[in-house]
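# Structural features, examined
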Amino acid sequence: MRDPALSRPPDTALSVRARGIEKRFGSFSALRGVDVDIPSAHLLVVLGPNGAGKSTLVRIVAGLLRPTAGTIEFGEAHPEKCRNVRGQIGFVGHATMLYPELTARENLVFAGRLHALDNPAERARELLAEEGLEAWSDRRAQTFSRGLAQRLAIARARVHDPRVLLHDEPFTGLDGAAAERLAERLERLREDGRSLVLVTHDFRQASRLGDQALLLANGRVAYRAEAPLPSASELDEISRHEAARA
Amino acid sequence: MRVALAVLWKDLLTEWRSRDRLVAMAVFALLVVVIFHFALPEGTGRQIASNAPGLIWVAYVFTALIGLNRSFSQELENDALSGLALAPGERGWVFLGKAAANFTMIGTVQAMTAAAFGLVFDLDLGSVALELAAITALGTAGICSVGTLIAAMAVRTRFGEVLMPILLLPTLVPVIVGAVDGTEHLLETARIPFDAVQLLIVVDATYLITSFLCFEYVLDE
């Protein structure tokens, strides 16, 4: 388990606080009064059955969706008052956000330019090496398998070294080695002071990595837990129970 | 500004590699010119010359609709639009990059359309090519500024491809009035009319500034 006394460099720390988040799509309520706190150097695991509102919640935290009600604050900044908050968020969604006609390197360089990096080509080289994608760096993304594209998408989300990293089912399509590398990286990022959110159906990874767990069911928080989190089998049982109740 | 240049670079590079938008626009523009050729009654050169400004701008506008429609639909693939929405700072720079890319691609097809128009209708556009390019550039800047904004608004709607021309064409009336008037004077007198240019500059500036500022809210889901 992570040592709570680990130093948290101020330049990497940014807490997230969401209160009373609601989201309606027409008459359908996707989220109903969800509160979330993600201190810096913490990893929040979001669990729940399909349609529980997990992806909606992370897209709202990322600033991609406006909540119908509720507020989100990053450190001291309200996102609508501070556009630069977007520059502190990295997001891995269901889709890869890659351009099929661009090579792996060009996709990362473009993402770096969007974030006004001084040397996006150098940053792209670093990330390709970290993800073990050097051999594929000059191949177009349209030729990538699901797993390779997911690894590139994860690199893309980190191109600007964000302080808040949101992962929506990032293990999808990854082979065992790539999944283990991602899990280790998440631990390193947390130790480095980042605020992390991991939406997953993988209870083993959730139990291993999470400092907090949030179980959504039918748009509501059905269960919360703090570290040490229950085991994978216990989380699975709780999840089934709450899903059946909802 | 670096964000705008990055988006411009990305759009032109992806188009260079796929060529789907340029080819679609070019083929469509050529077909419009050919259809005009067969649809219009046989007439003297003078009659054709008087109709040419309106006809050529009809071809330009409908060709631009195809390009603008595709401009944001490619961003939906892999949800790349969310990547653009997550860029820090003023989202207007993303708009400016997209609009500049649209301007470049539509302008390329317009040059080819004008050449085809001159050949098919036996018009001497070569002697006023620079002046015609200037007026076309002003008109296209207006089309691309408001068109890029509306394309971004329409792309996530269920009937985006239908909605876009319905929203865009009425807003293009002042652009078309200025551009057709300017082209008509140019073909008659071989000089650029000040009134038409003035109108186009005012409309372009209005659409450009409005679209730049509104784009912040358009990229939200």
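Every chain's residues receive numbers from 1 upward, in the order its sequence appears when written. A letter from A marks each chain and a number from 1 marks each ligand, given out in the order of writing. Under the rules for a predicted model, residues below a pLDDT of 70 receive no local features and side-chain atom pairs below 80 are neither given nor counted, while totals for whole chains, interfaces and linings still include all residues.

## As for the overall build of chain A
Numbering of helices and strands runs from the N terminus, with a helix taken as a DSSP run of H or I at least four residues long and a strand as a DSSP run of E at least two residues long. When its secondary structure is counted, chain A shows seven helices and nine strands. For a compact globule the rule gives 2.2 Å times the number of residues to the power 0.38, and the radius of gyration it is set against comes from C-alpha atoms. Over its C-alpha atoms chain A spans a radius of gyration of 18 Å, differing by no more than 12% from the 18 Å that the globule rule assigns to 246 residues. Summarising the internal contacts of chain A: among those between residues at least 6 apart in sequence, 70% fall at separations of at least 24. For the purpose of contact definition, each residue receives a C-beta atom placed from its backbone, and two residues are in contact when these atoms lie within 7 Å.

## What to know about the overall build of chain B
Within chain B, the regular secondary structure consists of nine helices and zero strands. Listing each helix as α and each strand as β along chain B from the N terminus yields α-α-α-α-α-α-α-α-α. Here the C-alpha radius of gyration of chain B, 18 Å, is about what a compact globule of 221 residues would show, namely 17 Å. Projecting the C-alpha coordinates of chain B onto the three principal axes gives extents of approximately 55 × 35 × 30 Å.

## Observations regarding the nonpolar core
Any nonpolar core is a set of buried residues, restricted to Ala, Val, Leu, Ile, Met, Phe, Trp, Tyr and Cys, that join up through C-beta atoms within 7 Å. The exposure scheme places C-beta atoms from the backbone and then counts, for each residue, the other C-beta atoms within 10 Å of its own, assigning buried at 20 or more, exposed at 12 or fewer, and partly exposed in between. Membership of the largest hydrophobic core comes to 142 residues, with the highest contact counts inside it found for A:Val61 and A:Val197. When residues of this core are assigned to their parent elements, the largest contribution, 13 residues, is made by helix 6 (residues 129-154) of chain B. Apart from residues lying up to four places away in sequence, A:Val61 is in contact with A:Val16, A:Ala18, A:Ile72, A:Leu166 and A:Val197.

## A word on the packing of helix 1 (residues 2-18) of chain B against helix 5 (residues 92-120) of chain B
All names here are of chain B. Direction vectors running N to C along helix 1 and helix 5 enclose 40°, while the axes themselves pass 7 Å from each other. Like other packed secondary-structure pairs, helix 1 and helix 5 cross with a definite hand, here right-handed. Judged by residue contacts, Val3, Ala4, Leu5, Ala6, Val7, Leu8, Asp11, Leu12 and Glu15 of helix 1 engage Trp93, Val94, Leu96, Gly97, Lys98, Ala100, Ala101, Thr104 and Met105 from helix 5. Here the contact of helix 1 with helix 5 is built from residues that sort into 13 nonpolar, two polar and three charged. Between the N-to-C directions of two axes lies an angle of 0 to 180 degrees, each axis being a line fitted to C-alpha atoms and, for a helix, fitted only over the stretch in contact. Handedness of each helix crossing follows the sense of rotation of the near helix against the far helix: counterclockwise by less than a right angle gives left-handed, clockwise gives right-handed. Three classes are used, and their members are as follows: Ala, Val, Leu, Ile, Met, Phe, Trp, Tyr, Cys and Pro are nonpolar, Asp, Glu, Lys and Arg are charged, and the others, Gly among them, are polar.

## Some words on the sheet that holds strand 4 (residues 69-74) of chain A
All names here are of chain A. Whether two strands pair depends on DSSP finding at least two bridges between them. If you trace the three strands from one edge of the open sheet to the other, you get 2-1-4, paired in antiparallel fashion. At either end of the open sheet lies a strand with only one pairing partner, and these are strand 2 (28-38) and strand 4. Going from strand to strand, the sheet's axes swing by 20° on average, the running direction of each strand aside. Sheet analysis places strand 1 (residues 16-25) next to strand 4, joined by five bridges and oriented antiparallel. By the bridge assignment, Val16 is partnered in strand 4 with Phe74. The sheet strands contacting helix 1 (residues 54-62) are strand 1, strand 2 and strand 4, and the helix crosses strand 1 at an angle near 120°.

## Remarks on helix 5 of chain B
Three- or four-residue spacings in an α-helix give side chains the same orientation, since the helix completes a turn every 3.6 residues. To estimate how far a helix should reach, multiply one less than its number of residues by 1.5 Å. A rise of 1.5 Å per residue sets the reference length of helix 5 of chain B, with its 29 residues, at 42 Å; its end C-alpha atoms lie 41 Å apart and thus fit the reference within 8%. Phi for B:Asp122, located one or two positions after helix 5 of chain B, is positive at around 55°.

## A look at the confidence of the model for chain A
All names here are of chain A. Each residue carries a pLDDT score, the predictor's own confidence in it, on a scale running from 0 to 100. In the predicted model, chain A carries a mean pLDDT of 85, and 91% of its residues have values of at least 70. Here helix 7 (residues 232-245) stands out as the least confident element of chain A, with mean pLDDT 79; helix 2 (residues 104-114) is the most confident, with 95. Counting contacts from residues 1-10, a segment whose pLDDT is below 50, to residues more than four positions away or on other chains yields 11 contacts.

## Side note on the packing of helix 5 of chain B against helix 6 of chain B
In a packed pair of helices, the relevant descriptors are the angle between the two axes and the axis-to-axis distance. Residues and elements named next belong to chain B. Across the interface, helix 5 lies against helix 6 with an axial gap of 9 Å and an inter-helix angle of 140°. Viewed along their axes, helix 5 and helix 6 adopt a mutual orientation that is oblique. The interaxial crossing formed by helix 5 with helix 6 has right-handed handedness. Contacts from Phe95, Lys98, Ala99, Asn102, Phe103, Ile106, Gly107, Gln110 and Ala114 of helix 5 reach helix 6 at Leu132, Thr136, Ala137, Thr140, Ala141, Cys144, Ser145, Gly147, Thr148 and Leu149. Looking at the contact of helix 5 with helix 6, its residues break down into 10 nonpolar, eight polar and one charged. Orientation categories follow fixed angle ranges, with anything under 35 degrees roughly parallel, anything over 145 roughly antiparallel, 65 to 115 roughly perpendicular, and all other angles oblique.

## Notes on the pairing of strand 9 (residues 220-226) of chain A
Remember that side chains alternate between the two faces of the sheet whenever the strand is regular. As defined by bridge partners, strand 8 (residues 212-217) of chain A adjoins strand 9 of chain A across six bridges and the pair is classed as antiparallel. From the neighbouring strand, A:Ala213 faces strand 9 of chain A, where its bridge partner is A:Ala225.

## Here's the deal with the interface of chain B and chain A
Counting residues at the interface gives 22 residues for chain B, matched by 25 residues for chain A. Taken together, the elements giving at least two residues each to the side of chain B that touches chain A come down to helix 1 and helix 4 (80-85) of chain B. Among the elements that line the side of chain B that touches chain A, the one with the most residues is helix 1 of chain B, at eight residues. A class-by-class count of the residues in the side of chain B that touches chain A yields eight nonpolar, six polar and eight charged.

## With respect to the environment of B:Ala52
Residues and elements named next belong to chain B. Examined against the element boundaries, Ala52 turns out to sit in helix 3 (residues 45-76). Residue classification places Ala52 among the buried residues on the basis of 22 C-beta atoms within 10 Å. A sequence separation of 144 residues divides Ala52 from Ala196, and the C-alpha atoms of the two residues are 17 Å apart. In contact with Ala52, other than residues within four places in its own chain, are Phe121, Leu123 and Leu187.

## Observations concerning the sheet that holds strand 9 of chain A
Residues and elements named next belong to chain A. Judged by pairing direction, the sheet is mixed, and its six strands sit side by side in the order 5-6-7-3-8-9 without closing on themselves. The sheet is open, and its two borders are formed by strand 5 (89-92) and strand 9, each paired with just one other strand. The average undirected angle you get between the axes of adjacent strands in this sheet is 15°. The strands that helix 5 (residues 176-191) touches are strand 3 (42-47), strand 6 (164-168) and strand 7 (195-199); relative to strand 7, the one it contacts most, it runs at about 150°.

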